Amino acid sequence: VGSNLFCIHTVTQILSEIQIARNADKVLKLSDRHLVETEGQGEKHVRYLTREVGIYLVIEANNGILLIWDRKTTIFIKVSPAYEGKLCGLCGNFDDNSQNDFTTSHLLQVNDVLEFGNSWKIDSICPDATEVINPCSKTPHRKAWAEKQCGLIKSDVFKICHSKVDPKPFYEACVTDACSCDSGGDCECFCSAVAAYVIFCDQYNPEDECQWHYHPCGYHNIKTCRSINNVYTNVTVTYLEGCYPTCPEDKPIFDESKRICVPPEHCGCYINNTHYENGDKVPSDKN
């Protein structure tokens, strides 16, 4: 999917490091369901915001790069249209042509997935991959289960999507993931997350405060203290499942940091992506 706006990575290691800009001074580590910021080797400073959207942690950088992490095994990488044709790496070059996505770090177009993947190693002590492992061949007892569960993608449930997005590569990826996971794969983990959030939405509902409800395709009507202050970049987040608050008329704005509904005047303000409460002193470099 490197030719499109999204790149989806399945994280097979416990720890994943993300550098949100080349030569950046910060490295973000996604580990054990938490985000940890560490010092990078570069000098470029990129500001970023984090927020919870449904069941996901969203990391939004001011350079037009956005990460969506399910806090487990999957990372979505979304970039601004300004990057079209200017990218390279495992996610392709974002030129809307899927035929040239297998371009190595030496700018050679190849057909071999191993040659392509090995060329983008960032640590020389990491050995080259020598074979493409088929998880369903290694765990044949999971194959029938995986094909049955992932068949949902090709069923009438998603019939309206089939004319717009070819379900075949997504079905095949789902089967591969399902075969390779001890607990049944991302599909099972995903469904478990849905069930858990549907059941436990009510626990977010304190008395006399906003009401939380499960929305399978996101909830776009909610206004937050950040959104009314135009804090976000030009990359948007839509259609993320999870629990979302519904605020009352007298407190129509959701404060994401305090996780409560408030009147607009209680939001404070954001200057250079830094939040200030009402009455706070704002530092200035002007006389």
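Presented here is an overview of the structure given in this document. Computed from a predicted model, the values in this text were never measured in an experiment.

### Looking at the state of the cysteines
So, point 1. Across all of its chains, the model carries 3 disulfides by this definition.
So, point 2. A disulfide bridge connects cysteine 225 with cysteine 267, and the sulfur atoms are separated by 2.1 Å. Handedness here is read from the sign of the S-S torsion; for cysteine 225 and cysteine 267, about -75°, the answer is left-handed. A residue pair is termed long-range when its members are at least 10 positions apart, and cysteine 225 in helix 7 (residues 225–228) and cysteine 267 in the loop between strand 13 (260–262) and strand 14 (269–271) qualify at 42 residues. Summarising the burial analysis for this pair, cysteine 225 and cysteine 267 share the class buried.
So, point 3. Each disulfide pairs two cysteine sulfurs, and for cysteine 247 the partner residue is cysteine 261, the sulfurs being separated by 2.1 Å.

### Focus on the nonpolar core
Note that soluble globular proteins tend to have their nonpolar side chains buried in a common cluster.
So, point 1. Judged by nonpolar contacts, Leu28, Leu30, Val46, Tyr48, Leu57, Ile59, Ala61, Leu67, Trp69, Ile75 and Ile77 together constitute the single largest core of 11 residues.
So, point 2. The element best represented in this core is strand 6 (residues 56–61), accounting for 3 residues.

### Description of the packing of helix 3 (residues 140–150) against helix 5 (residues 167–180)
Two measures define how a pair of helices packs: the angle their axes make with one another and the distance between the axes.
So, point 1. Running from N to C, helix 3 and helix 5 cross one another at 140°; their axes reach a closest spacing of 9 Å. With respect to each other, helix 3 and helix 5 are oriented oblique. Here helix 3 and helix 5 pass one another in a crossing that is right-handed. Where helix 3 abuts helix 5, its residues Arg142, Lys143, Trp145, Ala146, Glu147 and Cys150 lie against Tyr171, Cys174, Val175, Ala178 and Cys179.
So, point 2. For the contact of helix 3 with helix 5, the per-class residue count stands at 8 nonpolar, no polar and 3 charged.

Criteria and cut-off values
Residues numbered from 1 in each chain as written. Predicted model: local features only at pLDDT ≥ 70, side-chain atom pairs only at ≥ 80, totals over all residues. Heavy atoms only, no water. Disulfide = S-S within 2.5 Å. Helix = DSSP H or I, 4+ residues; strand = E, 2+ residues; numbered from the N terminus. Buried < 20%, exposed > 50% of the residue type's maximum accessible area, 1.4 Å probe, protein only. Core = buried A, V, L, I, M, F, W, Y, C linked by side-chain atoms within 4.5 Å. Axes fitted to C-alpha atoms, helices over the stretch in contact; angles between N-to-C directions. Parallel < 35°, antiparallel > 145°, perpendicular 65-115°, else oblique. Left-handed = near helix turned anticlockwise from the far one by under 90°. Contact = heavy atoms within 4.5 Å. Nonpolar A, V, L, I, M, F, W, Y, C, P; charged D, E, K, R; others polar.

Taken by themselves, the reported measurements are silent on function.
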